[in-house]
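Read off the chains here:
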Amino acid sequence: MNAVPLSLQNCNPGNLRPSAPPWQGTVGEHAGFAVFDTMEDGIRALAKQLISYQDNHGIDTVAEAITRWAPGSDNNNTAAYISFVCSVLSCQPDDHFNFHDPDFLFWMVTA
């Protein structure tokens, strides 16, 4: 058993699925998730995904983003994930944010 989480093995901290067109730096797929050549490209893709949620779907809260990102239908504990991210950001689940704001985006990606 590999003790390194799949997200780190794949340089994909957001556990993004492969996309078309592929994310910058995508070099393959492993266990249903995109594999990136560097952690920087994986983090970049994660940030761009969050921005696209706001731009394309009007998502501007932690609850909306996490519910889309890690839905309970994919066997995620979405409520716990939302609670954790909100504890990192010191916010409420339905507080509104500008995902283009670099400070917010940094902490959202970090969480």
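Quick look at the structure, then.

The rules behind the values
- Residues numbered from 1 in each chain as written.
- Predicted model: local features only at pLDDT ≥ 70, side-chain atom pairs only at ≥ 80, totals over all residues.
- Heavy atoms only, no water.
- Pairing = 2+ DSSP bridges.
- Helix = DSSP H or I, 4+ residues; strand = E, 2+ residues; numbered from the N terminus.
- Buried < 20%, exposed > 50% of the residue type's maximum accessible area, 1.4 Å probe, protein only.
- Axes fitted to C-alpha atoms, helices over the stretch in contact; angles between N-to-C directions.
- Parallel < 35°, antiparallel > 145°, perpendicular 65-115°, else oblique.
- Left-handed = near helix turned anticlockwise from the far one by under 90°.
- Contact = heavy atoms within 4.5 Å.
- Nonpolar A, V, L, I, M, F, W, Y, C, P; charged D, E, K, R; others polar.
- 1 Å grid on protein atoms, 1.4 Å probe; cavity = no way out; pocket = protein on both sides within 12 Å on 5 of 7 lines; lining within 4 Å.
- Points joined across faces, edges and corners; volume = space filled by probe spheres on them.

## Describing the pairing of strand β1 (residues 26–30)
Phase 1: Both β1 and strand β2 (residues 33–36) contribute to a ladder of four bridges, which runs antiparallel. In the sheet register, G28 faces β2, and the bridge partner there is V35.
Phase 2: Hairpin remark: β1 followed by β2, antiparallel, with two residues in the connecting loop; positive phi at A31, about 55°.

## Description of unusual backbone geometry
Phase 1: Of the consecutive residues A20 and P21, the connecting peptide bond is found in the cis state with omega at -5°.
Phase 2: Here P21 lies in the loop between α1 (6–9) and β1.
Phase 3: Its identity is not glycine, yet A31 carries a phi of approximately 55°, on the positive side.
Phase 4: Examined against the element boundaries, A31 turns out to sit in the loop between β1 and β2.
Phase 5: Located in the positive-phi region is N75, a residue other than glycine, with phi close to 70°.
Phase 6: Position of N75 among the secondary structure elements: in the loop between α3 (62–69) and α4 (78–89).
Phase 7: On the accessibility criterion, N75 (74% relative accessible area) is exposed.

## Observations regarding the packing of helix α2 (residues 39–57) against α3
Phase 1: One way to put it is that α2 packs onto α3 with a least axis distance of 11 Å and a crossing angle of 110°. Taken together, the axes of α2 and α3 lie roughly perpendicular to each other. Read as a crossing pair, α2 and α3 show a hand that is right-handed. Note on element contacts: α3 touches α2 through A65, R68 and W69, opposite L46, Q49, L50, Y53 and H57.
Phase 2: Of the residues that constitute the contact of α2 with α3, the class distribution is five nonpolar, two polar and one charged.

## A closer look at the layout of surface pockets
Phase 1: In this structure, the largest pocket spans a volume of roughly 540 Å³.
Phase 2: In terms of lining, the largest pocket is formed by 24 residues, of which the most central are G14, N15, L16, W69 and A70.
Phase 3: Secondary-structure elements contributing two or more residues to the lining of the largest pocket are α2, α3, α4 and α5 (102–110).
Phase 4: The biggest single contributor to the lining of the largest pocket is α2, with four residues.

By themselves these figures say nothing about function.
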